[in-house]
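Chains, contacts and geometry: an overview
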Amino acid sequence: MINITFPDGAVRQYEQGVSALDIAKSISEGLARKVLAAKVNGQVVDASRPITQDGTLQLLTWVDTDGKATMWHSSAHLMAEALEALYPGVKFGNGPSLENGGFFYDVDLDGRAISDEDLRKLEVKMTELANLNSVYVRKDVSKADAIKYFTEKNDPYKLDNLQKLEDGNITFYTQGNFTDLCRGPHIPNTGFIKAIKLTNIAGAYWMGDEKNKMLTRIYGITFPSKKELDEYLTLLEEAKKRDHRKLGKELELFAFSEKVGLGLPLWLPKGAMLRERLQNFLQKAQIESGYLPVVTPHIGNKNLYITSGHYEKYGKDSFQPIHTPEEGEEFMLKPMNCPHHCEIYKVSPKSYKDLPVRFAEFGTVYRYEQHGELHGLTRVRGFTQDDAHLFCRPDQVKEEFCKVIDLVLYVFASLGFDNYTAQISLRDKEDRAKYIGSDENWELAEQAIIESAAEKGLKTVVEYGEAAFYGPKLDFMVKDALGRKWQLGTIQVDYNLPERFELEYIGADNKVHRPVMIHRAPFGSLERFIAVLIEHCAGKFPLWLTPTQVKILPISDKYQAYTEKVAELLKKAEIRAEIDDRSEKIGKKIRDAEIAKVPYMLVLGEKEESDGKVAVRRQAKGDLGAMSVEEFVSLIQDEVANRKPFE
RNA sequence: GCUGUUGUAGCUCAGGGGUAGAGCACUUCCUUGGUAAGGAAGAGGUCGUGAGUUCAAUUCUCAUCAACAGCUCCA
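Residues numbered from 1 in each chain as written. Chains lettered and ligands numbered in written order. Predicted model: local features only at pLDDT ≥ 70, side-chain atom pairs only at ≥ 80, totals over all residues. Heavy atoms only, no water.

A few points about the domain arrangement of chain A
Looking at the assigned domains, one finds that chain A contains domain 1 (2-61), domain 2 (66-235), domain 3 (255-534) and domain 4 (550-641). One C-alpha centre belongs to domain 1, the other to domain 3; they are set 50 Å apart. (Domains from an automatic or database assignment.)

Rendered as structure tokens:
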């Protein structure tokens, strides 16, 4: 007999070799019908796997993240089975479940194109196969047998995968007529898959390497019932409504023009003013924290970037140099502010007493981003970084770094961003050739980041290979409406550029020393930050940022004089108000203001004029009743001063 | 850059080998209406661009540009 400990702490005895499914059945048949997989001693396994020794057990159902992931992974196998039935000879790459929900399978269709119509046929086939309740059967195989199987099947990708696996550690899973190389686990049988939606088709390089063949990637998602699928589809629709590209157009914040150029955003008046408020907000905080504003030009001599190393690394990803007609000198559109700031540092000799110095600039930079990468405001070719470079003594690095973390967290908190991930981005463990500088300096920089993050009690994840070429980073990652991850704030410790630019200061020992540089940008770029902000608040900006704070809605033009008087009072109180004096009914004016997501509406008619009041309506909430203009002004000013989120 | 999809009015979209349509927005007129759409009339498009097939192309074919989804990249 073995002892099984349940999540609630209860311990029960079972016969050795009992499966999670058996245990579920012993509790209730109903539960057994819902079990997708099991977590035994913290490891997710098939519910049918025999348990041979004492341990903890958690039965995984649809409510568990691991349960969902298992179901989606099994769905990928189901799709593969359907593909093989419809397209004999199809070759399979990898088919995992996805963190954001669903699964994909990369397949080689041998040049055949697949259309949306084909996806519908594939869904039908999958449903047909799912209804057969085929059991997912696990089988240990030797490497030789596995190679034989896929050689006969003529599947080079599976053979590729097999190469990396060790003998004795290889399993096949078979359901119905389909067998796959897979470590599992899987759901008990295909019957659990009740609702299927194949969402889209895209290309993907084999093993993620652009030198390899591009396979067809088919995305899908499945659910244990039709109802859940419908809910998912509704949620997707809602997410699309938050898309900053859609809202940016609707709210007249920014636009793009083919004539101006790809990835070069045009800020419309409302967007530009919002941007400026954001900029002023941060500038104020920075000045309070001892930053010194600097301004540098939009172009710089190519030699500047050769010195920094950016030219060698990113020359191809920059706009090509501009040549001066007389001297033949080469100038580049500024892709980074740091080299300029290094030169500012060098303008005057520095003493250890001068440090740290903190140069801040809302610097607009230009990068030749790959055509296919351009995406709304999140990935553009011209953007403004809320950049600053801190030059400090080695003994000051940690303190300065911690202060920057505080600033980033202050910015995020002020805007109600709480779903971020703090990511420590380190060097690639294998490929060190991508980076400049000595191992010693890298280790110092990495240590400084890790220690500072720990000191601030930040919950972090470590990602290897995500560092900048000159140093490691602490990145603040946020997801957009459609679940895509973007880097916003970033803090980087850099021992390398000071060396390349030969930056110096005179120490207390009267000797020459090298400062350490911290690169940092709490927003990252204003463009990307605003994009994420738009999606975060679904276009309903906090009152302190929103372009139009108040819409004044007279009932009819009889109240024009009173309307103008109210507008004048609001203007004096620095409240951004607009009058809707169209010859429309009040219902229409309200509807339009609601759709424009204007936070406050003032309805002005006979009653208000005679009482000297305003009838206040809050967007999405409705009538708040009448109050005096003074009361309304202090209501607004209070909300602005506290930087309340819109709700 | 790669793979796939799309490209019709300011916006959202329908249509289809015989040179175009809806709703919203816009303009004018009527209406002066109390918390999410009052009525009427009007204006607006060489159907992304270029070439080919055809008596005829916005519709079919090819190329090109752009947008979208994903991959690769991201100082």
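So, next bit.
Focus: the protein's contact with RNA strand B
In the vicinity of RNA strand B, 52 residues are found, and the nearest of them are N200, Y205, M336, E373 and I555. Counting only atoms of RNA strand B within 4 Å of the protein, the fraction found in sugar and phosphate groups is 48%. K588 is positioned such that a nitrogen or oxygen atom in its side chain is 2.7 Å from a phosphate oxygen of RNA strand B. Interatomic distance of 2.7 Å between a side-chain N/O atom of E608 and a base nitrogen of RNA strand B. (Near = heavy atom within 4 Å. Polar contact = N/O pair within 3.5 Å; in protein donor to acceptor, adjacent residues only side chain to side chain.)

Some remarks on the pairing of strand 9 (residues 103-108)
In terms of burial, strand 9 is largely enclosed, as six of its six residues are buried. Here strand 9 shows a buried face lined by F103, Y105 and V107 and a second buried face lined by F104, D106 and D108. Sheet topology places strand 8 (residues 91-92) next to strand 9; two bridges connect them, and they run antiparallel. By the bridge assignment for strand 9, K91 is matched with D108. Sheet topology places strand 9 next to strand 14 (residues 214-223); five bridges connect them, and they run antiparallel. Residue D106 lies in a different strand from strand 14, and its bridge partner there is R217. (Buried < 20%, exposed > 50% of the residue type's maximum accessible area, 1.4 Å probe, protein only. Helix = DSSP H or I, 4+ residues; strand = E, 2+ residues; numbered from the N terminus. Pairing = 2+ DSSP bridges.)

Points about the pattern of salt bridges
Under the defined criterion, the tally for this structure stands at 41 salt bridges. K398 is the partner of E451 in a salt bridge, and the nearest nitrogen-oxygen pair spans 3.0 Å. Of this pair, E451 sits in helix 14 (residues 439-455) while K398 sits in helix 13 (residues 397-414), placing them 53 residues apart in sequence. Among the residues examined, E451 registers a relative accessible area of 33% and is labelled partly exposed. For K456, the salt bridge identified is with D406, shortest N-O distance 3.1 Å. Placement of the pair is K456 in the loop between helix 14 and strand 24 (460-464) and D406 in helix 13, with a sequence separation of 50 residues. Given the relative accessible area of 32%, K456 is considered partly exposed. Using a relative accessible area of 35% as the deciding quantity, one classes D406 as partly exposed. Through salt bridges with shared partners, a single ionic network connects R358, E399, E400 and K403. (Salt bridge = Lys/Arg side-chain N within 4 Å of Asp/Glu carboxyl O.)

Concerning unusual backbone geometry
Residues G184 and P185 are joined by a peptide bond in cis, for which omega reads 0°. As for its position among the elements, P185 is in the loop between strand 12 (178-181) and strand 13 (195-205). Positive phi is not limited to glycine here, since E502 has a value of about 50°. Structurally, the position occupied by E502 is in the loop between helix 15 (496-500) and strand 27 (505-506). With a phi angle near 65°, A620 is a residue other than glycine that sits in the positive phi range. According to the relative accessible area criterion, A620 is exposed, its value standing at 56%.

Digging into the layout of surface pockets
The space that makes up the largest pocket amounts to roughly 1700 Å³. Surrounding the largest pocket, 47 residues form its lining, Y314, R367, E369, R379 and Q487 being those nearest its centre. Of all elements in the fold, only helix 11 (310-314), strand 22 (382-392), strand 25 (473-479), strand 26 (485-494) and strand 29 (516-521) reach the threshold of two or more residues within the lining of the largest pocket. In terms of residue count, strand 26 provides more of the lining of the largest pocket than any other element does, five residues in total. Partitioned by chemical class, the residues of the lining of the largest pocket number 17 nonpolar, 15 polar and 15 charged. Here the second largest pocket is characterised by a volume of approximately 1400 Å³. Lining the second largest pocket are 37 residues, with L98, N100, G101, Y219 and L482 sitting closest to its centre. Within the residue set of the lining of the second largest pocket, elements represented by two or more residues are helix 3 (65-86), strand 13, strand 14 and helix 7 (226-242). When residues in the lining of the second largest pocket are grouped by element, the largest group, nine residues, is from helix 7. Domain assignment of the residues forming the lining of the second largest pocket places at least three in each of domain 2 (66-235) and domain 3 (255-534). (1 Å grid on protein atoms, 1.4 Å probe; cavity = no way out; pocket = protein on both sides within 12 Å on 5 of 7 lines; lining within 4 Å. Points joined across faces, edges and corners; volume = space filled by probe spheres on them. Nonpolar A, V, L, I, M, F, W, Y, C, P; charged D, E, K, R; others polar.)

Some points on the environment of D145
Take D145: it is sitting in helix 5 (residues 143-153). A sequence separation of 77 residues divides D145 from K68, and the C-alpha atoms of the two residues are 31 Å apart.

Brief notes about the packing of helix 5 against helix 6 (residues 156-163)
Orientation of helix 5 relative to helix 6, taken along the N-to-C sense of each, is 165°, at an axis distance of 9 Å. Compared by their axis directions, helix 5 and helix 6 come out roughly antiparallel. For the crossing formed where helix 5 meets helix 6, the hand is left-handed. When helix 5 is examined against helix 6, the residues K143, A146, I147, F150 and T151 are found in contact with a partner set consisting of K158, L159, L162 and Q163. (Axes fitted to C-alpha atoms, helices over the stretch in contact; angles between N-to-C directions. Parallel < 35°, antiparallel > 145°, perpendicular 65-115°, else oblique. Left-handed = near helix turned anticlockwise from the far one by under 90°. Contact = heavy atoms within 4.5 Å.)

Looking at the packing of helix 13 against helix 14
Across the interface, helix 13 lies against helix 14 with an axial gap of 9 Å and an inter-helix angle of 55°. Overall, the two elements helix 13 and helix 14 adopt an arrangement that is oblique. Note that helix 13 runs across helix 14; the crossing there is right-handed. Seen from helix 13, the contacting residues are V397, K398, F401, C402 and I405; seen from helix 14, they are A448, I449, E451, S452, A453 and E455. Partitioning the contact of helix 13 with helix 14 into residue classes produces seven nonpolar, one polar and three charged.

Re the nonpolar core
Membership of the largest hydrophobic core comes to 56 residues, with the highest contact counts inside it found for L278, L415 and L474. The element best represented in this core is helix 13, accounting for eight residues. Among residues more than four places away in sequence, those in contact with L278 are L415, F523, F529, I530, L533, W544 and L545. Counting 37 residues, the second largest nonpolar core, distinct from the first, contains L83, Y87, V90 and C182. (Core = buried A, V, L, I, M, F, W, Y, C linked by side-chain atoms within 4.5 Å.)

Concerning the state of the cysteines
Applying the stated rule across the entire model yields zero disulfides. Left without a disulfide partner, C338 is nearest to the cysteine sulfur of C342, which lies 6.6 Å away. (Disulfide = S-S within 2.5 Å.)

Structural notes on the packing of aromatic side chains
With the rule as written, the count across this model stands at 28 aromatic pairs. A ring pair is formed by W62 and F223, whose centres lie 5.7 Å apart and whose planes are at 65°; its orientation type is edge-to-face. Of this pair, W62 sits in the loop between strand 7 (55-60) and helix 3 while F223 sits in strand 14, and the two are 161 residues apart along the sequence. Its relative accessible area of 14% is what places W62 among the buried residues. Between the aromatic rings of F254 and F256, the centroid separation amounts to 6.1 Å while the plane-to-plane angle is 80°, which identifies the pairing as edge-to-face. Assessed through its relative accessible area of 6%, F254 is described here as buried. (Phe/Tyr/Trp six-rings, centres within 6.5 Å; stacked < 30°, edge-to-face > 60°.)

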